[in-house]
Amino acid sequence: MTTTIRDVCAIPLEKNLDKVFKGGTYAITSRYTLVTEVHLDNGIVGQTFGGDEERYQKEVVNLVNETFRKLLLGKDALSVELLWEAMFHCVAPDLVNRGIHTLDLTNKAIIMQAIAGVDIALWDAIGKTQGLPLYKMLGGYREKVPVIAIGGYYWEGKDEKDFQEELLSYKRAGLYGMKLKVGRLSPKEDADRVRFARSVAGDDFIIACDANQAWTVDQAITFCKQVEDLNIRWFEEPVVWYDQLRGLSEVRRVGKIPIVAGQGEISRFGCRDLIMADAVDILNVDATIAGGITEWRRIAGMASMTNVSMAHHEEPQVAVHLLSSIPHGLYVEIFPDPNRDPMWFELPDKHPEIKNGCMHAPRQPGIGIPLREEVIERYRANGVRV
Ligand SMILES: [Mg+2]
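Since this is a predicted model, take the numbers as computed values, not measurements.

A. Summary view of the domain arrangement of the protein chain. Looking at the assigned domains, one finds that the protein chain contains domain 1 (5-131 + 372-378) and domain 2 (136-360). Spacing between the C-alpha centres of domain 1 and domain 2 amounts to 24 Å. Taken together, the 42 residues of domain 1 in the interface contact 41 residues of domain 2. Carbon and sulfur atoms make up 62% of the area that domain 1 and domain 2 hide from each other, which totals about 3,600 Å². Counting across the interface, domain 1 meets domain 2 through 18 residue pairs in polar contact (both at pLDDT 80 or more). For the side of domain 1 that touches domain 2, the secondary structure elements donating two or more residues are β1 (5-22), β2 (27-40), β3 (45-50), α2 (80-88), α3 (105-130) and α13 (373-378). For the side of domain 1 that touches domain 2, the leading source of residues is α3, giving 13 residues. In terms of residue class, the side of domain 1 that touches domain 2 is made up of 19 nonpolar, ten polar and 13 charged.

B. How the structure looks around the packing of helix α9 (residues 268-276) against helix α10 (residues 292-304). At their nearest, the axes of α9 and α10 sit 10 Å apart, and the two run at 20 degrees to each other. Here α9 lies roughly parallel to α10, going by the angle between them. Where α9 crosses over α10, the two elements pack in a sense that is right-handed. Contacts between α9 and α10 involve Arg-268, Cys-271, Arg-272 and Ile-275 from the first element and Glu-295, Arg-298, Ile-299, Met-302 and Ala-303 from the second. Within the contact of α9 with α10, the residues separate by chemical class into five nonpolar, no polar and four charged.

C. Expanded view of the layout of surface pockets. Estimated volume of the largest pocket: approximately 1,900 Å³. Asp-52, Glu-53, Gln-263, Gly-264 and Ile-289 are, among the 45 residues lining the largest pocket, the residues nearest its centre. Among the elements of the structure, β2, α3 and β5 (177-181) are those that each provide at least two residues to the lining of the largest pocket. In terms of residue class, the lining of the largest pocket is made up of 16 nonpolar, 15 polar and 14 charged. Composition of the lining of the largest pocket by domain shows at least three residues from each of domain 1 (5-131 + 372-378) and domain 2 (136-360).

D. Molecular detail of the packing of aromatic side chains. For the structure on display, the rule yields ten aromatic pairs. An angle of 65 degrees between the planes, with centres 6.3 Å apart, marks the rings of Trp-215 and Phe-235 as edge-to-face. You can see Trp-215 sitting in the loop between β6 (206-210) and α7 (217-226) and its partner Phe-235 sitting in strand β7 (residues 232-236), a full 20 residues away along the chain. We classify Phe-235 as buried; its relative accessible area is 0%. Among the aromatic residues, those joined into a cluster by ring pairs are Phe-21, Tyr-153 and Trp-155. In this structure, Arg-298 packs its charged tip against the face of Trp-84, placed 4.2 Å from the ring centre.

E. Inspection of helix α6 (residues 187-201) at higher detail. Spanning 15 residues, α6 covers 21 Å between terminal C-alpha atoms, matching the ideal 21 Å at 1.5 Å per step. All buried positions along α6 are accounted for by Pro-187, Asp-190, Ala-191, Arg-193, Val-194, Phe-196, Ala-197, Arg-198, Val-200 and Ala-201. In this structure, the buried residues of α6 make contact with α5 (160-172), β5, β6, α7 and β7. Positive backbone phi, at 85 degrees, marks Gly-202, one or two positions downstream of α6.

F. Looking closely at the pairing of β3. β3 sits mainly inside the fold: five of its six residues count as buried. Direction of pairing for β2 relative to β3: antiparallel, over a ladder of six bridges. Following the sheet pairing, Val-35 is matched in β3 by Phe-49. Count of turn residues in the β2/β3 antiparallel hairpin: four residues, of which Gly-43 carries a positive phi of about 90 degrees.

G. Summary view of the pattern of salt bridges. Inspection of the entire model under this criterion finds 28 salt bridges. Its salt-bridge partner being Arg-69, residue Asp-7 comes within 2.7 Å of it at the nearest N-O pair. Of this pair, Asp-7 sits in strand β1 while Arg-69 is found in helix α1 (residues 57-72), placing the two residues 62 residues apart along the sequence. The salt bridge involving Lys-181 is made with Asp-210; its shortest N-O contact spans 3.2 Å. Of the two residues, Lys-181 is situated in strand β5 and Asp-210 in strand β6; the sequence distance between them amounts to 29 residues. Of the two residues examined, Lys-181 and Asp-210, each falls in the buried class.

H. Summary view of the coordination of the magnesium ion. Of the protein atoms, only Asp-210 (OD), Glu-236 (OE) and Gln-263 (OE1) coordinate the magnesium ion, at distances of 2.0 to 2.3 Å. Of note, the donors binding the magnesium ion are all from one chain and are spaced D-x25-E-x26-Q. In this pair, Glu-236 sits in strand β7 while Gln-263 sits in the loop between β8 (259-261) and α9, placing the two residues 27 residues apart along the sequence. In this structure Glu-236 comes out as buried when scored by relative accessible area, which is 1%. Residue Gln-263 is classed as buried on the basis of its relative accessible area of 14%.

Each value, and the rule that gives it
Residues numbered from 1 in each chain as written. Predicted model: local features only at pLDDT ≥ 70, side-chain atom pairs only at ≥ 80, totals over all residues. Heavy atoms only, no water. Domains from an automatic or database assignment. Contact = heavy atoms within 4.5 Å. Buried area = accessible area lost by both parts, 1.4 Å probe. Polar contact = N/O pair within 3.5 Å; in protein donor to acceptor, adjacent residues only side chain to side chain. Helix = DSSP H or I, 4+ residues; strand = E, 2+ residues; numbered from the N terminus. Nonpolar A, V, L, I, M, F, W, Y, C, P; charged D, E, K, R; others polar. Axes fitted to C-alpha atoms, helices over the stretch in contact; angles between N-to-C directions. Parallel < 35°, antiparallel > 145°, perpendicular 65-115°, else oblique. Left-handed = near helix turned anticlockwise from the far one by under 90°. 1 Å grid on protein atoms, 1.4 Å probe; cavity = no way out; pocket = protein on both sides within 12 Å on 5 of 7 lines; lining within 4 Å. Points joined across faces, edges and corners; volume = space filled by probe spheres on them. Phe/Tyr/Trp six-rings, centres within 6.5 Å; stacked < 30°, edge-to-face > 60°. Buried < 20%, exposed > 50% of the residue type's maximum accessible area, 1.4 Å probe, protein only. Lys NZ or Arg CZ within 6 Å of the ring centre and 35° of its normal. Expected span 1.5 Å × (residues − 1). Pairing = 2+ DSSP bridges. Salt bridge = Lys/Arg side-chain N within 4 Å of Asp/Glu carboxyl O. Donors = N, O, S within 2.8 Å, 3.2 Å for Na, K, Ca; no water.

Have a look at this one:
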């Protein structure tokens, strides 16, 4: 039996959330994700989930199920670099009309996310074929990674007592720290929230801040000054979308808090530009958005040459392996609230162990997090051709 690819498919999932979660620049009302599978001749099925794509989910799914499927059938799954190049340079998809408002970047983001799903499923299949857990196959630098919560969301009626209870729940859950949403209020008001969080959580708890591109350079620098005594581990996406190179670089230089960006990049080339502009200390590029494990590893190699550390935007099922596999990997992040991320709580048959502030990389071959078929069926998105 060989490692020839016999089938490739993507299944879109969707669930409306019971509560609205607001960050600096957005409100989350639903959770989306994409399950991608690669079936091999030897009976092994590479399987993964990832992404949280609403508007272009149908296009991503169709690209995998039609164009990429035809491209990959009959090919050897072990030739993952060859397959990545074939998908990356695929000229077949004419996805949508080119309009001024979507430009070409939307199409490229669709392609990179479709590649990501297939690439990660391929790596899972390769790990299962070799009998090796993914983090070992990729280098096996450590067995576990510190885990932090993504929280501090704004919601209607949230008061100081609710916030305090949220912070204490992360401590009780044994998490290493948290990433706190800022950017929806003024720099002073958000700094007061961070000060409150520090007073509740204590000094032995990592606190990072994420503005989701909400502020101007001046506002972001004002915020940095307001929180300079609060030991902020990093400041993530502090600056508005149109000022991502010079703006980030300026906040980094003057604000003196390590800067994180990269979750909005879809390829290694965008990450290169962030590094070359002295804009980041840490890249949190997301393998489920930006071309999968193959592209993430290339970015991690480049980062290591420039003393930039690697984080990962959400997606702990993949992040725990990637961050465990390299020396300069930092924290894996989760949504501890099942209302915010029902996919993480419900899809896996078994979750990675969290103990003493760390998430342990699964030791089963591949990703080592099998998915529950009944949950895939429960949240299968309607109206999307698969
Ligand atoms: Mg972020």
